[in-house]
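# Examination of the molecular architecture
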Amino acid sequence: MTSPAGPPPTGGDSGEQKRLKLLAVTACPTGIAHTYMAAEKLAQAAESRGVDMKVETQGSIGAENVLDDNDVSTADGVIIAADKDVDLSRFAGKRVLTVGVAEGIRHPEQLIERVLSAPVHTAGGTPTAPSAGGKERSVGYKALMNGVSYMIPFVVVGGLLIAISLSLGGHTDPSGGLVIPKDSFWMDVNNIGVIGFTLMVPILSGYIAYAIGDRPALVPGMIGGWIANTGELYDSKAGAGFIGAIVTGFLAGYLVLWIKKVKVPKFVQPIMPIIVIPIVATTALGLFFVYVIGKPISWVFEHLTSWLSGMTGTSAILLGAILGLMIAFDMGGPVNKTAFLFGAGLIATGNQTVMGMCAAAIPVMPLGQGVATLIRKRLYTEQERETGLASLFIGCFGISEGAIPFAAARPAQVIPANMLGGAVAGAIAGVAGVEDAVPHGGPIVAVLGAVSGVPMFFVAVVIGSVVTALTTVALVDLSERRRRGEAVAGAGTAGLAPTPAPALVGAGVGASGAGVGASAADAVGTVAPAGAVGETPGAGAVGETPGAGAVGETPGAGAVGETPGAGAVGERPGAGAVGETPDAGAVVAQRGVPEAEAVEAGDAGEGADEVLSGYLTEQTVKVELGAADKESAIREMAGLLAHTGKVADVDELVATALRREAQGTTGLGEEIAIPHAKTDAVTAPVVGFARSTEGVEWGSLDGTKARLVFMIAVPEAAAGDEHLRILALLSRKLMDAGFRERLLAAGDESAVLGVLGEIR
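Since this is a predicted model, take the numbers as computed values, not measurements.

## Things to note about the confidence of the model for the chain
Looking at the chain, the pLDDT average stands at 74 and 73% of residues meet or exceed 70. Here residues 126-136 is modelled with pLDDT under 50, and outside its nearest four sequence neighbours on either side it reaches 37 contacts, counting other chains as well.

As structure tokens, this is what we get:
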């Protein structure tokens, strides 16, 4: 049992001042650089004030220096400097101050003073929201990415099983669309896939709620999502689909947070999270959706159907475009279902043209989003790219839900792109008089002979998909450029963000899943600027050989880098993601020796002349960076790294590093920046270091210009923990003001290496 919090210690029986004892936890969802830098700054501030402090770091390699019960019981206060959820239950009865990780780097002295008057954390209490200084993304964004990241497997598994069963066991039937014989093996496979699709929407809702309100919000979120997707419960022929799930997820999460704030007797507190909160929140949310939200959805469905019925004699181009817009809007929601059922209902009257328009628009969304992940890979996380491949396959079988993960992650960019492509496909099919005899869409119905005007049907599908893909890429790229501009202008912006994609993130939050992101989706590593490609001798043109120091190799061959909590560097949460599936943003500066020698050196252990286990050499050091702005500095650094022969595509390396900057600045303050990229634009891990006399504006946490720049690039396939441990050493050492001064004062590459050799 922990000792209750009281006033700060003032003295003991001996008359001596009792030494204050504080604890701290630092954590960042996107990596570990900020985690360890905050830990070092807090420890330094505590030591300078005669305060005993133990700091637990929760980095991508797991928790280190873990606080035990004895530490907690004797502590006078606890500082939580984190941009992700930290379990506070073990600190019940203690004064707890919760801020963003950036505050731990920028104002450690203030935190030590503030924690003495911080509120006492009670059992079952909710974490205090981090201060604005350390937030990298809003709670809402990370929650959305968390839901998307958990939903993706259900979309992929359900969609692929349905597609396989239809292709191998289905046949066209004018009375029932694409039909699989009952009691057949393929019907069983299809039913399993349908279950996956059915669970997709509740999972999205449930994990959005979970990211906001923690475990008590999971049940109301999932049940609310099920209700949203079941139109029969509120007299609608179609459920609200994934848009309804997003609504119920946020409602459930924030409703649970509100209920948690209600004061209850102590004897009720133990059952609040497992009985009271889930029951109350589920009942309230369910009834609210059925009686308040559901009625408007039913009204929309009915009136859209009536409106479409009045347009049957209008222009084929206009009707096709409208149907395409509706099909693409919510992919299985009420608007989509209205258009689909309208077309399907006209088949029995002999009018198959309307269904032909719908059939051409149905596959455009998944096909277009899949193509987008292929033509601009750098805009997407690894998880998104994998989902894109599945989306291409699913789209061929007329399953529009394959695009839902992309729409949920980036609604402002993806939904308009889907609608534009759907409208184009529908209009072309309408003009060409394409007919579909079965209530189903996609290339599969044409292959099985249910479509007349097959050539123009495929023309409509292809053009619509290309329009969707190109529009998506343009809108996402524009969004990233805007965010990048804000990041460059916003000096002092705190934190690192999750995954581009929004993460699909994987980003899972909420759990917090990485980083929603989380998310997911974000990688955090640290990278050093590179010299221009035609630098003069001594500028650090490198001659490293591939193969030395790949992540996870023998001792001495590890990598320097950081693991993103929400997705790989260069993704998108978020992942968060997606973002948000965490990836290892490994980074390495390898030794400029042949591979065989590198292995021998690794076996022999670290030599006295090695820096960072031999990963940083004189060949990857540049004493004067010529660039005046961040983008130019990253390009110059990429050029320097290219001299090693390990950079296959300099432009892609630069683009990936800039995308990482758009997620959140890698300017860490104290005149330090560590840009990084995890991308197949490099064939082997490589690290560089450069110094800038004037400094480069990097949007650093403390507003300082970056004069010490480390750049790290690593292939997608790199993995392992050694590089993370080395980065932790680097992050901590860079918090030493004397070390930074010596690094700035070093006269040449050899002297710089001598200073960096202090990192052990």
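From this point, things continue past the structure.
## Points about the pattern of salt bridges
Counted according to the given criterion, the structure contains 11 salt bridges. Across the pair Lys41 and Glu670 runs a salt bridge, and its minimum N-O distance is 2.5 Å. Residue classification places Lys41 among the buried positions, given a relative accessible area of 13%. Where Glu671 meets Arg707, a salt bridge forms, and the shortest distance between an N and an O atom there is 4.0 Å.

## Considerations on the nonpolar core
Formed by 83 residues in total, the largest nonpolar core has its most connected members in Leu204, Ile208, Phe242, Leu323, Ile327 and Phe457. Leave out the neighbours within four places in its chain, and Ile208 touches Ala143, Leu144, Gly147, Ile246, Gly249 and Phe250. Ranked by size, the runner-up nonpolar core spans 26 residues in total, among them Val621, Val687, Leu708 and Leu756.

## Remarks on unusual backbone geometry
One non-glycine residue with positive phi stands out, namely Asp214, at about 70°. When you line up the elements, Asp214 lands in the loop between α6 (185-213) and α7 (218-228). At Glu671, a position not held by glycine, the phi torsion is positive, near 65°. You can see Glu671 is positioned in the loop between β11 (667-669) and β12 (672-673).

## A few points about the pairing of strand β15 (residues 706-714)
A large share of β15 lies buried, amounting to 8 of its 9 residues. The pairing of β12 with β15 spans 2 bridges and is classified as parallel. Across the sheet, residue Ile672 finds its bridge partner in β15, namely Leu708. Where strand β13 (residues 676-678) and β15 come together, 3 bridges link them in parallel fashion. The partner of Ala677 across the bridge, within β15, is Ala713. Two strands pair when backbone bridges link them, and strand β14 (residues 686-696) and β15 are joined in this way by 7 bridges, in the antiparallel orientation. Pairing of Phe689 across the sheet is with Phe710, part of β15.

## A look at the packing of helix α8 (residues 241-260) against helix α9 (residues 272-309)
Here α8 crosses α9 at 135°, and the two axes come no closer than 10 Å. It follows from the interaxial angle that α8 and α9 lie oblique. In this structure, α8 meets α9 at a crossing whose hand is right-handed. Along the contact surface, α8 presents Gly244, Val247, Thr248, Leu251, Ala252, Leu255, Val256, Ile259 and Lys260, while α9 presents Met272, Ile277, Val280, Ala281, Ala284, Leu285, Phe288, Phe289 and Ile293. Class assignment for the residues of the contact of α8 with α9 results in 15 nonpolar, 2 polar and 1 charged.

## Considering a nonpolar patch on the surface
On the surface, Ile243, Val247, Leu251, Leu287, Phe288, Tyr291 and Val292 cluster together to form a nonpolar patch covering roughly 600 Å² of accessible area. Listed by contribution, the elements that provide at least two residues to the nonpolar patch are α8 and α9. Examining the composition of the nonpolar patch, we find that 4 residues originate from one element, α9, more than from any other. Inspection of the secondary structure assignment puts Val292 in helix α9. Residue classification places Val292 among the partly exposed positions, given a relative accessible area of 44%.

## A closer look at α9
Under the 1.5 Å per step criterion, the end-to-end length of α9 is 51 Å for 38 residues, consistent within 8% with the ideal 56 Å. Maximal helix bending in α9 amounts to about 45°, located at Gly294; proline Pro296 follows within four positions.

## Topic: helix α13 (residues 364-375)
With 12 residues, α13 should reach 16 Å at 1.5 Å per residue; the first-to-last C-alpha distance of 16 Å fits that figure. Taking burial as the measure, the 12 residues of α13 include 9 buried ones, the bulk of the element. By the burial criterion, the buried members of α13 are Val364, Met365, Pro366, Leu367, Gly368, Gln369, Gly370, Ala372 and Thr373.

## What about the environment of Ile394?
Within the fold, Ile394 resides in helix α14 (residues 382-395). For the pair formed by Ile394 and Leu161, sequence separation is 233 residues and the distance between their alpha carbons is 9.3 Å. Filtering out sequence-adjacent residues up to four positions away, Ile394 remains in contact with Val155, Val156, Gly159, Leu160, Ile399 and Gly402.

About the thresholds
Residues numbered from 1 in each chain as written. Predicted model: local features only at pLDDT ≥ 70, side-chain atom pairs only at ≥ 80, totals over all residues. Heavy atoms only, no water. pLDDT = per-residue confidence, 0-100. Contact = heavy atoms within 4.5 Å. Salt bridge = Lys/Arg side-chain N within 4 Å of Asp/Glu carboxyl O. Buried < 20%, exposed > 50% of the residue type's maximum accessible area, 1.4 Å probe, protein only. Core = buried A, V, L, I, M, F, W, Y, C linked by side-chain atoms within 4.5 Å. Helix = DSSP H or I, 4+ residues; strand = E, 2+ residues; numbered from the N terminus. Pairing = 2+ DSSP bridges. Axes fitted to C-alpha atoms, helices over the stretch in contact; angles between N-to-C directions. Parallel < 35°, antiparallel > 145°, perpendicular 65-115°, else oblique. Left-handed = near helix turned anticlockwise from the far one by under 90°. Nonpolar A, V, L, I, M, F, W, Y, C, P; charged D, E, K, R; others polar. Patch = residues over 30% accessible without salt bridge, like charges linked within 9 Å, V, L, I, M, F, W, Y side chains within 5 Å. Areas by Shrake-Rupley, 256 points an atom, 1.4 Å probe, with all protein chains shown as cover. Expected span 1.5 Å × (residues − 1). Bend = angle between axes of the 7 residues up to and from the residue.

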